[in-house]
Amino acid sequence: MVYERFTPISYHVTIQKSYLKRESVMNWLKNTFGSFWLTLPLLFLYALACAVATFIENDYGTASAKALIYSTRWFDALHLLLTLNLIATLFLSQAWQRKKWASLLFHSSLIVIVIGAGITRYFGFEGTLHIREGQTQNRMTSQEPYLIVRALEGDQKYYAEFPLPMAPLGKKDFDYKVLINGEPLHLIYLDYQPSQNPKSSEATLEIKAHYKGETQTLALEGGNDLRGITVPADIGGAKFLMEWGIKEIPLPFSLKLERFELERYPGSMSPSSYASEVIVIDEGKNIEMPYRIYMNHTLDYGGYRFFQSSYDRDEKGTILSVNNDPGKLPTYIGYAMLTLGLLWNFFARNGRFYRLGRFVRSQNIGAFLVAILLALALHPSSLSADENTLRMLSNLQAHSKAHAKEFGNLLVQDFGGRIKPIDTLASDYVHKITKKEKLLGLEPTQIFLGMLMYPNEWKQVKMIKITTPRLKEVLGVPLEDGYIAFEDVFEGNRYKLSNYVEEANRKKPAMRDKFDKDVQSVDERLNVAYLIYTAQALRLFPDMEGMTDKWHSPIEAIQTFSERDASFIQGILQEYFIAFDKGVEDNEWGDATKALGNFVALQTRYGSNLILPPSRIKAEIWLNHSQIFARLSYAYILLGLALFGVVFIGIIRAKSASSWLSKGLFYLILFTVLLHTLGLGLRWYVAGHAPWSNAYESMIYIAWAAAISGALFFRRSSLALSTASILAGISLFVAHLGFMDPQITNLVPVLKSYWLNIHVSVITASYGFLGLSFMLGFIALLMFALRHPQKPQLDASILSITAINEMSMVIGLAMLTVGNFLGGVWANESWGRYWGWDPKETWSLISIVLYTLILHVRFIKGGDKPYVLASLSVLGFYSILMTYFGVNFYLSGLHSYAAGDPLPIPSFLYYLVALTFALILLGGRKGDLEAPKLP
């Protein structure tokens, strides 16, 4: 007989219960930690908290922002919750089973980065080391303040310390307990009083100390970045020493400062670089190692990193930042994983980006061109001057153009120490005074020369820009005049604007009205004109004794050079003045050209180390006169608008433009991009550093990135190409509105790093792609508002635009993320800290979080509709505007271009916000279009 094996029913029941229990746990995980309904609110809460913190920091200081948000336990818990949510989501997505290796890699990298950041925060520490020349130091001071208690009871000594940063907001209640010989000492918070001087970090912390039934109130004077004053106390039979402030931390080795070196830009007080020549002395290992520490070149020894931070005013001592970071390795591994994962994601065939690309290629969106146009020109206002002045101006206009061009090639040193052609100086100064590129038919160098040679006559010329009627009334000039003369602001020796300037300067920028701003602007223009009239701006003459790299103006040279050298300078100046006057009167310029040769010879002999090569001079002058970026703004906008108009008409009529027209316009836009690239390259060559170190340069780079994104990445879509062209034109137009300074300047020491080129170029280019996403979202919303059952071609266009929009957003977010973390590497290599919650880097993080939220909205019900992406891509770009403009001009920080109080918010921004919400509401009425199935 054969017996069958059987399993008891109870066993099956147990297995089924176990299975159901596991299913229940999985469902619970999916519905809580693994749910995008949790992810999205957490991301929004995180972005909101960071945004609020930046405004708290701006108004109340970094300590308050940390006390209320950055250093709180709830903010740490938010990090932890986001990490757990990411782990659960990755687990439930089963990315490894679906072979989504790229997605798995870059999402996992975020977990590694958080782990590295946690190790750095909880196990690393920072501080500073101050050493004077010739001294040896082995004790650093902490970055964080501590409440320190030293106790003596009988023969026993006790020591305790508690990290205790304090802030005006978020005052920290505490009750610390220290066991002294088995008895508890309670230290209880009573009050915190910061200094009344906003520039001082001094503060008083009042505490109550309770020990063995006895209580004393102690006032501890110190600060978040100051050493505390030790306060003695006898409580309960024990002796105590207490202080609150930064503490000393012993190093296992010593550093001796042999020499501190500070280099300045030639002829300027601005630092070019500074360095510390030190010797590492490790007696335990019998090591004496010389080392040079300077910006972006750190000393690594014994687990510590030393960074050049600052220096003493007398330039005889150095201040080094010190960092001990056990989390560096996992953090860098996380950064590498993130970069590799994001790059891989663009080429993974089973990834969403690749599938979106296939969908776009399958669509047929056509084409191009019509033209629009516009040309406005202003003619200079009439001038009032005497007969001699009018004759001088007439001769100057008729005779001096060729000589002025020669004069423009002469080199001069500006007040920042930069050597440049006089052509550049004249262009900058004349534009500042007149707000025009030319005036009265004269080139800037002709005007500059005229003001130098005939100051009394030019003071009668109405050339100084003025706008407000009230200021015109104050000065007693006709209301219809747009310009005033230099002499209009003086009554004898009295400066008419003196009181008005002082009053305007006392006001906060946000409180200044148009009159105040006009007063300040006119005052600045007058000062610039005065520098030309007195020749103080004409720093032509190198130090003939070779003691410094500073170049001198005529008056400085005559007053400070040796008697022999001063006499020589006076002689060649007089020779040139006579020759120039002869040239203006008789149009004979031979002597003047010969006299210019004397200046060139002098500069070549005594300033040869600073002389620019002829090719660089020509390149800079070409940039000055071509106005390439300003002109390209019109080309971009006109081509983009024409293309958009034709494409839009084609969509409405369900017809596409001819292929030859499309190709023709594509090549025109491509040629414009090539000219833009040439301009950037020339500016790089002229400046000697990458052209994205200030607001103007970064703006023209953003325009280039936007144009490149359309011409290279989305060239198959005429609509995307037109949008990119319009965006590039608008960016260039904004760069030339007047509140950004286009002058080429020297770099500050910390920006002299290859990390600048990598970090800034990547992050700034991301703005171009995200700006393109904004424009495409705007167009999509407009199309939603125009949807009609009889025009199905609109739906097809919306779907194509939406796919391109998402692709552009993915590229922009990837670049913004990588660029931001590369900035962390730069910061760590420059001053030993990945992250300092500076407003710029924080708003960059906020933008990353918000765009991450936007791209993941499609995972919730209804969130994958094209209308949702269009609306959010428009709204999301406001975070980029805040990151770029808002932080630079409204919040203080390391990355800000403006210091002090913020400027008033421009009125056009309110209209833009209103237009945005109006378009979202209009498009929402017909926003039920479903997303397409991707191939």
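Structure: see above.
Residues numbered from 1 in each chain as written. Predicted model: local features only at pLDDT ≥ 70, side-chain atom pairs only at ≥ 80, totals over all residues. Heavy atoms only, no water.

Trainee: Please provide a residue-by-residue account of the side chain of Lys472, values included.
Mentor: Examined against the element boundaries, Lys472 turns out to sit in helix α13 (residues 469-475). Buried within the structure, Lys472 lacks any salt-bridge partner; Asp481 is the closest side chain of opposite charge, at an N-O distance of 7.2 Å. Once you skip the residues sitting within four places of it in the chain, Lys472 turns out to touch Ile466, Thr467, Val477, Pro478, Leu479 and Asp481. (Helix = DSSP H or I, 4+ residues; strand = E, 2+ residues; numbered from the N terminus. Buried < 20%, exposed > 50% of the residue type's maximum accessible area, 1.4 Å probe, protein only. Lys, Arg positive; Asp, Glu negative; His and termini not counted. Salt bridge = Lys/Arg side-chain N within 4 Å of Asp/Glu carboxyl O. Contact = heavy atoms within 4.5 Å.)

Trainee: Please provide a residue-by-residue account of the packing of aromatic side chains, values included.
Mentor: For the coordinates displayed, the defined rule picks out 34 aromatic pairs. Measuring from ring centre to ring centre gives 4.2 Å for Phe162 and Tyr176, while their planes differ by 0°; the resulting arrangement is stacked. Of this pair, Phe162 sits in strand β3 (residues 156-163) while Tyr176 sits in strand β4 (residues 175-180), and the two are 14 residues apart along the sequence. The same class applies to Phe162 as to Tyr176, namely buried. Between Phe253 and Tyr301 the ring centres are 4.9 Å apart and the planes differ by 85°, which places this aromatic pair in the edge-to-face class. Taken as a pair, Phe253 in strand β9 (residues 238-264) and Tyr301 in strand β12 (residues 299-301) lie far apart in primary sequence, 48 residues in all. Aromatic rings pair up to connect Phe407, Tyr454, Phe541, Tyr576, Phe580, Trp589 and Phe599 into one cluster. Residue placement shows Lys247 over the ring face of Tyr146; its charged tip is 4.3 Å from the ring centre. A cation over an aromatic ring shows up here: Lys465 above the ring of Tyr483, its NZ or CZ 5.2 Å from the ring centre. (Phe/Tyr/Trp six-rings, centres within 6.5 Å; stacked < 30°, edge-to-face > 60°. Lys NZ or Arg CZ within 6 Å of the ring centre and 35° of its normal.)

Trainee: Quick one: what's the story with the packing of helix α9 (residues 401-408) against helix α11 (residues 444-453), residue by residue and with numbers?
Mentor: Between α9 and α11, the least distance of the axes is 9 Å, while the angle of their chain directions is 90°. On the basis of the axis angle, α9 is roughly perpendicular to α11. Side by side, α9 and α11 meet where Lys401, His403, Ala404, Phe407 and Gly408 of the first sit next to Thr445, Gln446, Phe448, Leu449 and Leu452 of the second. (Axes fitted to C-alpha atoms, helices over the stretch in contact; angles between N-to-C directions. Parallel < 35°, antiparallel > 145°, perpendicular 65-115°, else oblique.)

Trainee: How would you explain the pairing of strand β2 (residues 136-153) if you had to name every residue and give the values?
Mentor: Where strand β1 (residues 125-132) lies against β2, two bridges are found, and the strand directions are antiparallel. The residue bridging Thr128 from the neighbouring strand is Thr141, located in β2. The turn linking β1 back onto β2 is made up of three residues, and Gly134 within it adopts a positive phi angle of 85°. Connecting β2 to the next strand, β3, in antiparallel fashion are two residues, including Gly154 with a positive phi near 65°. (Pairing = 2+ DSSP bridges.)

Trainee: Summarise the environment of Phe33; cite the residues concerned and give the values.
Mentor: Mapped onto the secondary structure, Phe33 falls in the loop between α1 (9-31) and α2 (36-60). Overall, the relative accessible area of 24% leaves Phe33 in the partly exposed class. The spacing of Phe33 and Asn85 is 52 residues in sequence and 4.8 Å in space, taken between C-alpha atoms.

Trainee: Explain helix α26 (residues 839-856) to me, using residue names and the numbers behind them.
Mentor: Helix length check: α26 (18 residues) gives 25 Å between terminal C-alpha atoms against 26 Å at 1.5 Å per residue, within 8%. In terms of burial, α26 is a largely internal element, 16 of the 18 residues being buried. Backbone nitrogen of Lys840 and a side-chain oxygen of the N-cap are separated by 3.1 Å at the start of α26; the cap is Asp838. (Expected span 1.5 Å × (residues − 1). Polar contact = N/O pair within 3.5 Å; in protein donor to acceptor, adjacent residues only side chain to side chain.)

Trainee: Just give me the short version of the sheet that holds β4, but keep the residues and values in it.
Mentor: One open sheet accounts for four strands, arranged β4-β5-β6-β7; its pairing is antiparallel. For this open sheet the edge positions go to β4 and β7 (214-223), each flanked by a neighbour on one side alone. Going across the sheet, the axis of each strand differs from the next one's by a mean of 25°, ignoring polarity. With ten bridges connecting them, strand β6 (residues 202-211) and β7 associate as antiparallel partners. If you follow Ile207 over to β7, its bridge partner there is Leu218.

Trainee: Before we move on, could you go through unusual backbone geometry and cite the residues and values that matter?
Mentor: One non-glycine residue, Lys212, lies in the positive phi region at around 50°. Residue Lys212 is classed as partly exposed on the basis of its relative accessible area, which comes to 44%. Of note in the backbone geometry, Gln627 takes a positive phi value of approximately 50° without being a glycine. Checked against the element boundaries, Gln627 lands in the loop between α19 (614-626) and α20 (628-653). With a relative accessible area of 26%, Gln627 lands in the partly exposed category.

Keep in mind that these numbers describe shape and distance, not what the molecule does.
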